[in-house]
Amino acid sequence: MLESYLGAGLMLLLAIGIAVGMVVMTSFLGPKRQFADKMEPFECGESPIVSPHQRFSVKFYLVAVLFVLFDIEAVFFFPWAILFKQLGIFGFVEMLLFILILGVGLLYVWKRGGLDWE
Amino acid sequence: MDISFDAIPLAHYLLLSATLFVIGVMGVLMRRNAIVVFMSIEIMLNAVNISLISFDRYLNQHDGQIFSFMVMCVAAAEVSVGLAIIIALFRNKPTVNLDEFNIMKS
Amino acid sequence: MEPIPAPSIDLVSLAPVLVLTVFGIMVLVTDLFIGKNKSALVFISLTGLLMAAISSLAKYDLPVYSFNGAYIVDHLSVFFTFIFCISSALAILVSIDFNQREGIKVGEYYSLILFCTVGMVLLASSTDMIMIFLGIEIVSICLYVLAGIRRNDPKSNEAALKYFLLGAFATGFLLYGMALIYGTTGSTKLTIIAEMIREGSVRSEPLMLMGVVLLIIGFGFKVASVPFHMWAPDVYQGAPTPVTAFMAVGPKAATLAAFFRVFAETMPEISPSWGILLYILSVLSMFIGNLGAIMQTNIKRLLAFSSVAHVGYLLIAIIAKNSLGSASLMFYMLAYAFMIFGAFGIVILIGRKGDENLEIENYSGLAYKHPILALSMTIFLLSLGGLPPLAGFVAKFYIFSAALKEGFVVLVILAVLNSAISFYYYLKVVVYMYMKEPIKEFNITLSPMTLFVVAIALFGTLHLGIFPGPIIALAQY
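Just so it is clear, the structure is predicted and the values come from calculations on it, not from any experiment.

Attention shifts here to the overall build of chain A. On a plain count of helices and strands, chain A comes out with four helices and zero strands. Here chain A holds 118 residues, and 1% of them are scored as buried.

This is the structure we're talking about:
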């Protein structure tokens, strides 16, 4: 009876571990520059009082578009994940190929500087 | 699978889908802002998705859902290419009004 | 739970698609690691196209269905795969010097052409509506980018935007048509749809007929037939010339192949309903295309309108819906590939950096300075018009005889009349080349690769015109 919770328990531990790990890691590794805007209570470092007609830098668009592209590919993982066991090794290999091609896409974007902010 | 389809008949879904599709078509034909036209096209594609999925449920098989997955992915690819084109255009001519894109003439 | 068995997957029948995809990705990745010199990419792409053409012959005992009847290798698909490989190879060859001259330095150009070819092969070989949709979109998305590949040229941008908006609009119609047909027949597979129609229960379903109309609108946009042609002149004019030539041949051939499969092969029983619509589209395309071309002063716009008219002729092959129709479609597209690449090759040669010399006036007196170029251009234009013994004539002849076999006499008479009208504007260019004084100095650099393409095109146009027998036999096989 209890064994059936083993997977869920492991999952829970892993999730907590990753979350805590990330918080701890960033507080050690992240740069700490403190300035007035960042210390405001809301808006994550954005100035809370600005004109409503704010325009975004066009640099955001590239990241947004790339996000949409890679994000939507996740749609194919859902049916695969549901039928993971029944599809067996064949489905696994097919999915690896799919991810490999996505990886080549990511490599291309990276090398072309699509992920650079500056 | 035991899915009751009695609650809302298929025709209603199809009607919703057709209405959305026509709204999309009207948007493409009547609006002059490239981005709004673009959004109208997305409405058309999503209207089709509603049709596909309701047919899929009605027929109790899965081709329609797979189809709608493909439509979503292709729509995403189209969005990125379309936005890139609009941005490239905007850099040369800062407007998104379709009536002003008339360099080429008959 | 029961394991789900893997579907019957036959990668050999998919070989051309796989080869082209792998080479496309190779080009993309290689481009990241090499410098300014892109000739390695050209080499890889051409190798890929050659291998794809060879691998399309891997299947014998045609037709072979694979992927649960979603993909077919048959005579039509193999022949069209060859046309695609030839036209893409010509497009790449013709781009080399052009890209150098105009400073198009992006390596993606070649991989986009390869990916576009993948879409074309899928289109010609799919027997499932989902696959046809994917094929059309792969082709279209590559073309949107290719049309706008000159990022700093407002014309190229504008062409891309117009092509994109109208192409995506057409996709909506196409999809809605597919959804309705799926809803009435319960399948996306063309074979099952064909069976349902043969049985007769769905023949008079209003949703089915609406689906057919929407499909025709969608396909009509993609092949640029009147009244859905308004994007064609602007896009043809604004896109870089090699891309214009490319999109006039391969994607059009692929869409027509899918058009043929969906209508002539899948639903011949309800041909009265779609036949009349295609009839109207065909007649309108011929007349408006030809009359529109008469009024043009820009050579690229002229060829755009002429391609609209050619779609009118090609639709006749689909209306005829017999085996001669499909054979004539194949032959026509092969001949058309040579004529179009020849004509656009000359257009590229006449232009120079900063001044593409696209007005027809700029061709004045070409015959005095470059008699061979003028003669070649004359041959391509007359072949487009359909003068015997050139390829265009033979192609039209077979399309018309396919239609006559089914008793479409009026349609053929209208088409012949239109061929006569078309000579007016083709000859106008010839008159400028031979009978007018030059209005300015020609400053032509005879770039070797472009000349090579023109030579191949010339050979093809003459050979298919004078000895059409073997190719026609292959197409009718």
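The structure having been displayed, the exposition proceeds.
With that settled, consider the overall build of chain B. Each helix and strand in chain B was counted, giving three helices and zero strands. Taken from the N to the C terminus, the helices and strands of chain B come in the order α-α-α. Its C-alpha atoms give chain B a radius of gyration of 18 Å, more than 25% over the compact-globule value 13 Å for 106 residues. With 106 residues in all, chain B has 32% of them scored as buried.

Taken together, the contact pairs 33 residues of chain C with 34 residues of chain B. Listed by contribution, the elements that provide at least two residues to the side of chain C that touches chain B are α5 (129-147), α6 (154-185) and α9 (231-238) of chain C. The dominant element in the side of chain C that touches chain B, judged by the number of residues it contributes, is α6(C), at 16 residues. Class assignment for the residues of the side of chain C that touches chain B results in 18 nonpolar, 10 polar and five charged.

Put simply, chain A has an average pLDDT of 83, and 85% of its residues get 70 or more. Confidence scores differ between elements of chain A, with helix α2 (residues 59-72) of chain A showing the lowest mean pLDDT of 85 and helix α1 (residues 6-29) of chain A the highest of 91.

Before going further, it helps to examine the interface of chain A and chain C. In this complex, chain A contributes nine residues to the contact, which on the side of chain C involves nine residues. Tallied by class, residues from the side of chain A that touches chain C come to five nonpolar, two polar and two charged.

What follows is about α5(C). The terminal C-alpha atoms of α5(C), which comprises 19 residues, lie 26 Å apart, in line with the 27 Å expected from a rise of 1.5 Å per residue. Counting buried residues in α5(C) gives 19 out of 19 residues, a clear majority hidden from the surface.

Residues and elements named next belong to chain C. The N-to-C vectors of helix α3 (residues 75-102) and helix α18 (residues 448-466) enclose an angle of 145°; their axes lie 7 Å apart at closest approach. Between α3 and α18, the residues in contact are Leu90, Leu93, Val94, Ile96 and Asp97 and Met449, Thr450, Phe452, Val453 and Ile456, respectively. Taken together, the residues of the contact of α3 with α18 break down into eight nonpolar, one polar and one charged.

Parameters at a glance
Residues numbered from 1 in each chain as written. Chains lettered and ligands numbered in written order. Predicted model: local features only at pLDDT ≥ 70, side-chain atom pairs only at ≥ 80, totals over all residues. Helix = DSSP H or I, 4+ residues; strand = E, 2+ residues; numbered from the N terminus. Buried ≥ 20, exposed ≤ 12 C-beta atoms within 10 Å, placed from the backbone. Rg over C-alpha atoms; globule rule 2.2 N^0.38 Å. Contact = placed C-beta atoms within 7 Å. Nonpolar A, V, L, I, M, F, W, Y, C, P; charged D, E, K, R; others polar. pLDDT = per-residue confidence, 0-100. Expected span 1.5 Å × (residues − 1). Axes fitted to C-alpha atoms, helices over the stretch in contact; angles between N-to-C directions.

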